[in-house]
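The lines below spell out each chain.
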2 protein chains.
Amino acid sequence: MTRAAPKYHWIADQLRERILAGELAEGECIPGEPALMATYEVSRNTVRLALRRLADEGLLVADQGRGTFVRESPKPFEWNWSTIESRRRHEAYHDAGERDQWATTVTEAGRVPRQDIQVSIVTPPPPVAERLGLDPAAGVALLRRRVRSVDHEPYLLADSYFPVDLVQGTPLMEPRDVSAPGGVLASLGLVQARYRDEILPRMPTRREIEMLHLPAATPVAEHTRTGYDKDGRALRVMVTILPGGRHVSIYDVEAD
Amino acid sequence: MTRAAPKYHWIADQLRERILAGELAEGECIPGEPALMATYEVSRNTVRLALRRLADEGLLVADQGRGTFVRESPKPFEWNWSTIESRRRHEAYHDAGERDQWATTVTEAGRVPRQDIQVSIVTPPPPVAERLGLDPAAGVALLRRRVRSVDHEPYLLADSYFPVDLVQGTPLMEPRDVSAPGGVLASLGLVQARYRDEILPRMPTRREIEMLHLPAATPVAEHTRTGYDKDGRALRVMVTILPGGRHVSIYDVEAD
DNA sequence: AAGTGGTCTAGACCACTAA
DNA sequence: TAGTGGTCTAGACCACTTT
């Protein structure tokens, strides 16, 4: 005979069934902790263990003073990294003017984009230095740190690193929106011919949790895009932190 | 004056610092719960809240009866989805014979690959039916469900769905390894000309946690690859569940 | 047998939100 | 003010691993 499962597993299973069956609809408030204590005749800690278990699966979010709710999953944005910085595609959006594609995509969805930019000169973290071909100890880079928001809620973090010698004295050094037709670097005569993207799912750091207002048990995708010119020199590294559930990353791949 | 942070936040902060500073090395056992209760003069629950907080960040894993350990991050596998099923690249591995590329990559890393295959005819989940162009209610597909292991530890789940009319009576219907030079479908005269990949970071379901032996707070990436022939007909949908921390997904993108 | 983490109880007070 | 979830205590017994 197999060992009995802990009570809080069983309680979580019951609630999960009700959620997945739609009995407790998205955004709906579930019974409070005292109610669950009475229903299942357990202590409050046990109820809380069950709720935590479901929160860890991303099914519930608790809101202090209000209640615990079934997590809503609005339709995620589709983010096509194959075309996101292509010159071809940019032409299609040409009449969007100076707006970048992110802002365009968000606006098209009927929502309000916004970005805050900080610029500084830093010693980049070792993985970035490596990709830029810099001395990991002494090399410095221009860092453009952006927080992008949708409807005034922080949505993603995007840190771009440029070798300082490439961007010294250019508009990139100023904390303003510098999007331009064909890409930011193109206006400086630097043409990115190829990108390499690396995607890593992981749990967010405390800093990311706070900056993005992430509810518990929200993973992030760390996208690192390195741009190269036609000679294979790295021109830029962009590290984007995208919270789970709000987006899908898309790639179109030719089979050859 | 700002409100004081909870005790368990502070304790977690202390331990996190020691871990990130390398004072508590990877794989090392951290002080036991009784020791931490004494050190910080708090109850066991408070200690456990602090440890849970760090586990949720992916920094700790607890092992019943043994202790709590700083999580190890072995070098992740690099998984290049741009070339993973390309005919060009497959030629480079031609002398690997009948082995598929996954097995080849793992073997090259000096580890032992293995896959278990189950084959069945199913009504695919709605997102898959949609991608295959099937009736979501009545359409059926061939499902090849694989569990791939590295060094006898389950590593990823890969479910491939094929329209039944394409694969009726072919070797694909049998639960054996069917990799072939140029790809499985190529041997049936079905050529995939283009793929669309969709990547979604999320928390694992209970089933995934159990099948992959995932420690707490391990997110997964759900990769959905849809293969199309040159006329745009969907030939296959493959849903791969990749646990965080064990892999990096790579895409090479041409800027045009 | 001793030490680890896992489950569970019964209580208390606090912070926040809504009516 | 009443009700929600958040923090915290002080205990108990159990399951698992190591010695």
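Throughout what follows, the structure given in this document is the object of discussion. The structure presented is a predicted model; accordingly, all values stated were derived computationally and were not measured.

## Quick notes on the overall build of chain A
Item 1. When helices and strands are tallied, chain A shows eight helices and ten strands.
Item 2. For chain A, whose C-alpha radius of gyration is 23 Å, the value lies well above the compact-globule estimate of 18 Å for 256 residues.
Item 3. Dimensions of chain A, computed from the C-alpha atoms along their principal axes, are close to 70 × 45 × 45 Å.
Item 4. A burial count over chain A gives 48% of its 256 residues as buried.

## Section: the packing of helix 2 (residues 33–40) of chain B against helix 3 (residues 44–56) of chain B
All names here are of chain B.
Item 1. Where helix 2 contacts helix 3, the axes come no closer than 9 Å and their chain directions differ by 105 degrees. Classified by the interaxial angle, the pair formed by helix 2 and helix 3 is roughly perpendicular. Here Glu-33, Leu-36 and Met-37 of helix 2 come into contact with helix 3, specifically with Arg-44, Val-47, Arg-48 and Leu-51.
Item 2. Looking at side-chain class alone, the contact of helix 2 with helix 3 contains four nonpolar, no polar and three charged residues.

## Details of the protein's contact with DNA strand C
Item 1. Contacts to DNA strand C come from 24 residues, most closely from Lys-7, Tyr-8 and Thr-46 of chain A together with Arg-44 and Gln-64 of chain B.
Item 2. When atoms of DNA strand C within 4 Å of the protein are sorted by moiety, sugar and phosphate together comprise 66%.
Item 3. Within the backbone of Glu-33 of chain B, a nitrogen or oxygen atom sits 3.0 Å from a phosphate oxygen of DNA strand C.
Item 4. Where the surface near DNA strand C is concerned, the elements lending two or more residues are helix 1 (7–20) and helix 3 (44–56) of chain A together with helix 3, strand 1 (60–63) and strand 2 (67–70) of chain B.

## Considerations on the pattern of salt bridges
Residues and elements named next belong to chain B.
Item 1. Overall, the coordinates contain 38 salt bridges over all chains when judged by the stated rule.
Item 2. In this structure, Arg-48 and Glu-33 form a salt bridge, with 2.9 Å as the shortest nitrogen-oxygen distance. Taken together, the residues span a long stretch of sequence, with Arg-48 in helix 3 and Glu-33 in helix 2 at a distance of 15 residues.
Item 3. Accessibility expressed as a relative area gives 40% for Arg-48, which makes it partly exposed.

## So, the sheet that holds strand 6 (residues 153–163) of chain B
Item 1. Strands sit in the order 3(A)-10(A)-7(B)-8(B)-9(B)-6(B)-5(B)-4(B) across an open sheet of eight strands; the sheet is mixed. Of all the strands in the sheet, just strand 3 (77–80) of chain A together with strand 4 (113–122) of chain B have a single pairing partner and so form its edges. With strand direction ignored, the average angle separating the axes of adjacent strands in the sheet is 20 degrees.
Item 2. Bridge analysis of strand 10 (residues 247–254) of chain A against strand 7 (residues 194–202) of chain B gives six bridges, and the strand direction is antiparallel. Across the sheet, residue Val-253 of chain A finds its bridge partner in strand 7 of chain B, namely Tyr-195 of chain B.
Item 3. Running at roughly 160 degrees to strand 4 of chain B, helix 5 (residues 101–108) of chain B makes contact with strand 4, strand 5 (141–150) and strand 6 of chain B of the sheet.

## Let's talk about helix 1 of chain A
Item 1. Here helix 1 of chain A is 14 residues long and its end C-alpha atoms lie 20 Å apart, about the 20 Å a rise of 1.5 Å per residue gives.
Item 2. Phi turns positive one or two residues past the end of helix 1 of chain A, at Gly-22 of chain A, with a value near 90 degrees.

## Description of the interface of chain A and chain B
Item 1. Listed by partner, the interface residues are 43 residues for chain A and 43 residues for chain B.
Item 2. The interface formed by chain A and chain B includes eight salt bridges.
Item 3. In this structure, Glu-57 of chain A and Arg-206 of chain B form a salt bridge, with 2.7 Å as the shortest nitrogen-oxygen distance.
Item 4. Our count for the chain A to chain B interface comes out at twelve residue pairs in polar contact (both at pLDDT 80 or more).
Item 5. Mapped onto the side of chain A that touches chain B, the elements with two or more residues apiece are helix 3, helix 4 (87–92), strand 7 (194–202), strand 8 (220–228) and strand 10 of chain A.
Item 6. By residue class, the composition of the side of chain A that touches chain B is 17 nonpolar, nine polar and 17 charged.

## Thoughts on the environment of Thr-224 of chain A
Residues and elements named next belong to chain A.
Item 1. The topology assignment puts Thr-224 in strand 8.
Item 2. Classification of Thr-224 by relative accessible area gives buried; the value is 9%.
Item 3. Between the alpha carbons of Thr-224 and Tyr-251 there is a distance of 14 Å; along the sequence they are 27 residues apart.
Item 4. Apart from the residues lying within four places of it in its own chain, the contact partners of Thr-224 are Arg-131, Arg-196, Asp-197, Glu-198, Val-237, Met-238 and Val-239.

## Overview of the packing of aromatic side chains
Item 1. This model, assessed by the stated rule, comprises seven aromatic pairs over all chains.
Item 2. Summarising the aromatic geometry, the rings of Trp-102 of chain A and Tyr-155 of chain A are spaced 6.4 Å apart at their centres and angled 45 degrees between planes, so their arrangement reads as tilted. One end of the pair, Trp-102 of chain A, is in helix 5 (residues 101–108); the other, Tyr-155 of chain A, is in strand 6 (residues 153–163), and 53 residues separate them in sequence. Judged on exposure class, the residue Trp-102 of chain A and its partner Tyr-155 of chain A are both buried.
Item 3. Relative to Tyr-40 of chain B, the ring of Trp-10 of chain B has its centre 6.0 Å away and its plane inclined at 85 degrees; by these criteria the two rings are edge-to-face. Placement of Trp-10 of chain B in helix 1 (residues 7–20) and of Tyr-40 of chain B in helix 2 is noted, with a sequence separation of 30 residues between them.
Item 4. We classify Tyr-40 of chain B as buried; its relative accessible area is 18%.
Item 5. Cluster of aromatic residues (ring-pair linked, three or more members): Phe-77, Trp-102 and Tyr-155 of chain A.
Item 6. Directly above the aromatic system of Tyr-228 of chain A lies the positively charged group of Arg-194 of chain A, at a separation of 4.6 Å from the ring centroid.
Item 7. The ring of Tyr-195 of chain B has Arg-225 of chain B sitting right over it, with the charged end atom 4.1 Å from the ring centre.

Thresholds applied
Residues numbered from 1 in each chain as written. Chains lettered and ligands numbered in written order. Predicted model: local features only at pLDDT ≥ 70, side-chain atom pairs only at ≥ 80, totals over all residues. Heavy atoms only, no water. Helix = DSSP H or I, 4+ residues; strand = E, 2+ residues; numbered from the N terminus. Rg over C-alpha atoms; globule rule 2.2 N^0.38 Å. Buried < 20%, exposed > 50% of the residue type's maximum accessible area, 1.4 Å probe, protein only. Axes fitted to C-alpha atoms, helices over the stretch in contact; angles between N-to-C directions. Parallel < 35°, antiparallel > 145°, perpendicular 65-115°, else oblique. Contact = heavy atoms within 4.5 Å. Nonpolar A, V, L, I, M, F, W, Y, C, P; charged D, E, K, R; others polar. Near = heavy atom within 4 Å. Polar contact = N/O pair within 3.5 Å; in protein donor to acceptor, adjacent residues only side chain to side chain. Salt bridge = Lys/Arg side-chain N within 4 Å of Asp/Glu carboxyl O. Pairing = 2+ DSSP bridges. Expected span 1.5 Å × (residues − 1). Phe/Tyr/Trp six-rings, centres within 6.5 Å; stacked < 30°, edge-to-face > 60°. Lys NZ or Arg CZ within 6 Å of the ring centre and 35° of its normal.

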